[in-house]
2 protein chains.
Amino acid sequence: MSEYAELIRRWKEAAILGSCGGVLGWDERTYMPRNGSAHRAEQMALIARLCHEMTTHPKNGEFLTAAETSNPDDDAKANLREIRRAYDRAVKLPPDLVEELARVTTQAQQAWTDARAASDYSKFQPWLEKIVALKRREAAAVGYKDHPYDALLDEFEPGATTASIRALFADLAADLTPLVAALLASPRKPDRGILHRDFPVETQKSFGRMAAETIGFQFDSGRLDVTTHPFCTGLGPGDVRITTRYNPKHFNESFFGVLHECGHAIYEQNLPGEHFGTPLGVAVSLGIHESQSRLWENQVGRGQPFWEFFFPKAQQAFPCLSDVKLDDFLFAINDVQASFIRVEADEATYNLHIILRFELEQAIVSGDLKVADVPGAWNERFRKMFGINPPDDAKGCLQDIHWSFGGLGYFATYTLGNLYAAQFMDRVRQDLGGPQLDDDFRAGRFGRLKEWLTDRIHRHGQRYRAGELCRRVTGRELSHKPFIEYLRTKYEPLYGV
Amino acid sequence: MSEYAELIRRWKEAAILGSCGGVLGWDERTYMPRNGSAHRAEQMALIARLCHEMTTHPKNGEFLTAAETSNPDDDAKANLREIRRAYDRAVKLPPDLVEELARVTTQAQQAWTDARAASDYSKFQPWLEKIVALKRREAAAVGYKDHPYDALLDEFEPGATTASIRALFADLAADLTPLVAALLASPRKPDRGILHRDFPVETQKSFGRMAAETIGFQFDSGRLDVTTHPFCTGLGPGDVRITTRYNPKHFNESFFGVLHECGHAIYEQNLPGEHFGTPLGVAVSLGIHESQSRLWENQVGRGQPFWEFFFPKAQQAFPCLSDVKLDDFLFAINDVQASFIRVEADEATYNLHIILRFELEQAIVSGDLKVADVPGAWNERFRKMFGINPPDDAKGCLQDIHWSFGGLGYFATYTLGNLYAAQFMDRVRQDLGGPQLDDDFRAGRFGRLKEWLTDRIHRHGQRYRAGELCRRVTGRELSHKPFIEYLRTKYEPLYGV
């Protein structure tokens, strides 16, 4: 067997073991009984350690070097580039750190769930302290040029730096902040109440499932379950799972969450299964991943054509909508307002929630902000940004699961996703014709969009890095402008600004 | 660290990885989407191979020998005895066989589910052929004195042999067959129809859950889900899961299944968690395990005192029972009849179902019976034994999941469990007082029984082998007599024979 083939065999094996950890992680968040937490932490720690051992095995280094110098074809080149990157990162991490991070973050997720339910930061603080210490050790081990946060960002968005994202976000904020201010100042307001009527959970379940199937989520290769914090996880070919949470007094919470997770899942379900376990079978980055979820949730799912198809069905399913006009419904689901919860925020203010976290995390990782002071710092920044005061930590710094699983450096990818989504959607509309695409949606047909996305993005796995993929798909560097343009086009007529 | 401590550390680690496979196996049977099957087979194969590697590591052999000769205390002696047994068995198994068995049985379970649903043996036959070939290889690798079936039995019931079980079952059959014949010939019959009225699934769920909690299943350390074939699986300390299936037109199917699986689960939940991963933290054998499930399902759950407590609650939950008298209900749930499905059989004929399988499996493993001829052989034996003809393979040789997961040699432990249960229950009634125990049950108190079982059986893990445990707990060798006596005491008054 060639060195390349042997490297790939070994790399796939580690990925199969990693995907076992994926099943355990899914189970932990969906169905594991609470007393199973301590043992689950041991299981996760062991799998993390074994995966790390398999990944960093010296033989891999030898095969990698040999394969790199033996005239690889294009597929192999892409795989070797990303395996090199992952290998070089992994060998820098001490095994005990890898194991400890897995153990601590498994138990911390349970602690976070309890702390959030009780809105009691003190229940989570000791865990966050452990996690921050471990992530700082990780940053030091991986190394960085300017900021330890770079080393963490790089895990989720290969190639991204704190400075580059800061610059991009500064441009975005410069255009977004006045736009948001104008929208909030407008006297026109939708009737928000129509989304807070009675939406029975069982009906939400079947309606959400129907929508998921219609846009292209394949249920024989996936599942939809209920969790505190919704997520999507690809466990391997033929097995991609999403979750949601239901609020019987709020239509948006589950429905747009399902569309969002479906966007992730459609990406995962359309990665090339034959490349499972190698970079060619893996999503590009979290930013690109998020572009897919935000595209289906917002660009598609909050648009008029989509609802011309789905609104009559929603009225049939939910009698409480029978007296509602489509225009009023559309305005309500595109309501811009200052609010506490990121995942329920509108498309415009959402990015301010992200910028807050992006800045806060840098201070936490650098040590400028002590973990004990996070609630205070959160609330102060929040007040400055939105002019309102989080009533408690559950609606403040405890709202997100990410820190509990060690996802420091993760949040920025959400706004990157919004920007990519707008830029991709611009291009889709050029390629497939904007009006024709709207006609598709009006008829409940989402296949052409899905095929375009699969052809341009999903099927390539990590063949191209995010920046190159963006240039290849859209012909341009990533910019905040298509997104701002999209927001203006949507919101200015609604709010008359 | 001493050799013993190091051995235990390594053994526990393999057990933790094995318990990851446990989670994947549970998921596979409960929630995995059907297209996930191929990848799951790869995951299971890898975990099986890695566990086997960890278990059979030459260092384990060295530490084991060193520990055996360094004056171990009683705990260590018991652990070393069983680790020696498992190690010697494991090192005889070729790694590729271990991996292939895990891979094939994972996919075969999906094939079995489909074949059973379609009652089409041809869909399962190629898988069973593969499994039988692999299990024959396993028997040859492990070695045996008299019959290859010995090597397979020994996996589930350490120390048992084909000859010893055959002798025990012959004694049992000699007493059981005329008893069953007399019961079947009796003109007295219960009104079976009362158990086939309308039992809404949601109500069955809450009623079963209430019963499970009442007898001692801890839901914060476990779950109850729905599967085609009910099972119990201990995934580690604090996480023991059971499943059931609901039939809206049959009360027994789920209810007694839940009691049965609770019996297994109460055993698992009361093993000493601090010994997890070592023999002292593991159940003795499947026969002893089954004694616990049959004890709660039958000795307790089909008895009058139990229903004096639960029947009024059942009448409240299920209006269809409101006109039923307790005596008629008790007669109906203790109905003895020739029937096709083992798991729905009464306590007397149940053992004939087992004897059929026990004999058939020996012929399959020896090669006397070809896999292609299993349905014919099954139906012929069934007709001879019960005087009725299985209408299709779903109600015949396709009814059980066991062969699909490689469980050849497993069935005998069910009847061993019945015999142990009767002998244990005799002893409990001596120790705690029979009438006082009945009073407990009448008042819905099951704690004293559970504590007795935990004290005498659960907490010891594998400190004693099944035979020794039986002698220690009951003062006697295992015999079929207490079981026959139990059946006579219960059935003769009901049937007037």
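A look at the overall build of chain A
Thought 1: What chain A contains, in helices and strands, is 20 helices and 3 strands.
Thought 2: For chain A, the C-alpha radius of gyration of 22 Å lies close to 23 Å, the compact-globule estimate for 497 residues.
Thought 3: Reported as C-alpha extents along the three principal axes, the dimensions of chain A are approximately 65 × 50 × 45 Å.
Thought 4: Within chain A, contacts between residues at least 6 apart in sequence are counted, and of these 73% link residues at least 24 apart.

Remarks on the relation of the copies chain B and chain A
Thought 1: When chain B is fitted to chain A, the residual RMSD is 0.0 Å, and the transformation amounts to a turn of 180° plus an axial shift of 0.0 Å. Such values leave the two copies arranged in the relation of a two-fold axis.
Thought 2: Mapped onto chain A, 100% of the interface residues of chain B are again interface residues, and the two copies thus contact each other with one and the same surface.

So, the environment of valine 142 of chain A
Thought 1: Inspection of the secondary structure assignment puts valine 142 of chain A in helix H6 (residues 121-142).
Thought 2: Contacts of valine 142 of chain A, omitting those with residues within four sequence positions, involve Arg89, Lys92 and Ala151 of chain A.

Section: the sheet that holds strand E3 (residues 239-244) of chain A
Residue and element names in this part refer to chain A.
Thought 1: Strand order in the open sheet made by the 3 strands is E1-E3-E2, with mixed pairing throughout. With partners counted over all chains shown, the strands left at the sheet margins are strand E1 (222-226) and strand E2 (232-236), one partner each. If you compare each strand with its neighbour and ignore which way they point, the axes differ by 20° on average.
Thought 2: With 5 bridges connecting them, E1 and E3 associate as parallel partners. By the bridge assignment, aspartate 225 is partnered in E3 with threonine 243.
Thought 3: Packing against the sheet, helix H1 (residues 3-30) makes contact with E1, E2 and E3, and its axis sits at approximately 145° to E2.

Describing the interface of chain B and chain A
Interface size is commonly expressed as the accessible surface area that is lost when the partners come together.
Thought 1: Taken together, the contact between chain B and chain A spans 30 residues of the former and 30 residues of the latter.
Thought 2: Elements with a minimum of two residues in the side of chain B that touches chain A: helix H1 (3-30), helix H2 (37-55), strand E1 (222-226) and strand E2 (232-236) of chain B.
Thought 3: Top element by residues in the side of chain B that touches chain A is H1 of chain B. It accounts for 8 residues.

A word on the nonpolar core
Thought 1: Ile47 and Cys262 of chain A together with Ile47 and Cys262 of chain B are the most contacted members of the largest nonpolar core, which has 261 residues in total.
Thought 2: Excluding its chain neighbours within four sequence positions, the residues that come into contact with cysteine 262 of chain B are Ala212, Ile215, Phe217, Ile242 and Trp296 of chain B.

Observations concerning the pairing of strand E3 (residues 239-244) of chain B
Residues and elements named next belong to chain B.
Thought 1: Counting buried residues along E3, 6 of its 6 residues qualify, which places the element largely inside the surrounding structure.
Thought 2: With burial as the criterion, each face of E3 is covered, one bearing Asp239, Arg241 and Thr243 and the other bearing Val240, Ile242 and Thr244.
Thought 3: Inspection of the sheet shows E2 paired to E3 by 4 bridges, in the antiparallel sense. Opposite threonine 233, over in E3, you have arginine 241 as the bridge partner.
Thought 4: In sequence, E2 turns back onto E3 through a hairpin of 2 residues, with glycine 238 there showing a positive phi of about 80°.

Looking at the packing of helix H5 (residues 95-118) of chain B against helix H6 (residues 125-142) of chain B
Residue and element names in this part refer to chain B.
Thought 1: Close contact between H5 and H6 brings their axes to 10 Å; oriented N to C, the two are set at 150°. Comparing the axis directions of H5 and H6 gives the class roughly antiparallel. Judged by the twist between their axes, the crossing of H5 over H6 is left-handed. Residues Leu97, Glu100, Leu101, Val104, Thr105, Ala108 and Ala111 of H5 lie in contact with H6, whose contacting residues are Trp127, Lys130, Ile131, Leu134, Arg137, Glu138 and Ala141.
Thought 2: Here the residues of the contact of H5 with H6 sort into 9 nonpolar, 1 polar and 4 charged.

Points about the domain arrangement of chain A
Residues and elements named next belong to chain A.
Thought 1: Domain annotation for chain A reports domain 1 (3-143) and domain 2 (162-495).
Thought 2: Its C-alpha centre places domain 1 at a distance of 26 Å from the equivalent point of domain 2.
Thought 3: The biggest single contributor to the side of domain 1 that touches domain 2 is H1, with 12 residues.
Thought 4: Here the residues of the side of domain 1 that touches domain 2 are counted per class, giving 19 nonpolar, 10 polar and 8 charged.

Examining the confidence of the model for chain A
Thought 1: Predicted confidence across chain A gives a mean pLDDT of 97, with 100% of residues reaching 70 or more.
Thought 2: As scored by the predictor, the complex reaches a pTM of 0.95 and an ipTM of 0.94.

Quick notes on helix H19 (residues 466-474) of chain B
Thought 1: Along H19 of chain B, the residues classified as buried are Ala466, Leu469, Cys470, Val473 and Thr474 of chain B. Projected down its long axis, H19 of chain B carries its buried residues within an arc of 100°, all on one side.

Looking at the sheet that holds E1 of chain B
All names here are of chain B.
Thought 1: Within the open sheet, the 3 strands sit side by side as E1-E3-E2. Their pairing is mixed. The sheet is open, and its two borders are formed by E1 and E2, each paired with just one other strand. Neighbour-to-neighbour, the strand axes of this sheet turn through a mean angle of 20°, independent of strand direction.
Thought 2: Together, E1, E2 and E3 form the strand contacts of H1, whose direction differs from that of E2 by roughly 145°.

Notes on helix H15 (residues 374-386) of chain A
Residue and element names in this part refer to chain A.
Thought 1: In a regular helix each residue adds 1.5 Å, so 13 residues correspond to 18 Å; H15 covers 18 Å between its end C-alpha atoms and thus fits that length.
Thought 2: Elements in contact with the buried residues of H15: helix H14 (350-366).
Thought 3: Once H15 finishes, glycine 387 follows within two positions and takes phi at roughly 75°, a positive value.

Brief notes about unusual backbone geometry
Thought 1: A positive phi is found at serine 119 of chain A, a non-glycine position, where the angle reads about 50°.
Thought 2: We note that asparagine 71 of chain B has phi near 55°; this positive angle belongs to a residue other than glycine.
Thought 3: With respect to the helices, strands and loops of the structure, asparagine 71 of chain B is situated in the loop between helix H3 (58-68) and helix H4 (74-92).
Thought 4: Overall, asparagine 71 of chain B belongs to the exposed group, with 8 C-beta atoms counted inside 10 Å.

A few points about the packing of H6 of chain B against helix H7 (residues 148-156) of chain B
All names here are of chain B.
Thought 1: Across the interface, H6 lies against H7 with an axial gap of 8 Å and an inter-helix angle of 90°. One finds that H6 runs roughly perpendicular with respect to H7. Across from Lys135, Arg136, Glu138, Ala139, Ala140 and Val142 in H6, the residues of H7 making contact are Pro148, Ala151 and Leu152.
Thought 2: Split by residue class, the contact of H6 with H7 holds 6 nonpolar, no polar and 3 charged.

Rules used throughout
- Residues numbered from 1 in each chain as written.
- Chains lettered and ligands numbered in written order.
- Predicted model: local features only at pLDDT ≥ 70, side-chain atom pairs only at ≥ 80, totals over all residues.
- Helix = DSSP H or I, 4+ residues; strand = E, 2+ residues; numbered from the N terminus.
- Rg over C-alpha atoms; globule rule 2.2 N^0.38 Å.
- Contact = placed C-beta atoms within 7 Å.
- Least-squares fit on C-alpha atoms with pLDDT ≥ 70 in both.
- Pairing = 2+ DSSP bridges.
- Axes fitted to C-alpha atoms, helices over the stretch in contact; angles between N-to-C directions.
- Core = buried A, V, L, I, M, F, W, Y, C linked by C-beta atoms within 7 Å.
- Buried ≥ 20, exposed ≤ 12 C-beta atoms within 10 Å, placed from the backbone.
- Parallel < 35°, antiparallel > 145°, perpendicular 65-115°, else oblique.
- Left-handed = near helix turned anticlockwise from the far one by under 90°.
- Nonpolar A, V, L, I, M, F, W, Y, C, P; charged D, E, K, R; others polar.
- Domains from an automatic or database assignment.
- pLDDT = per-residue confidence, 0-100.
- Arc of directions from axis to C-beta.
- Expected span 1.5 Å × (residues − 1).

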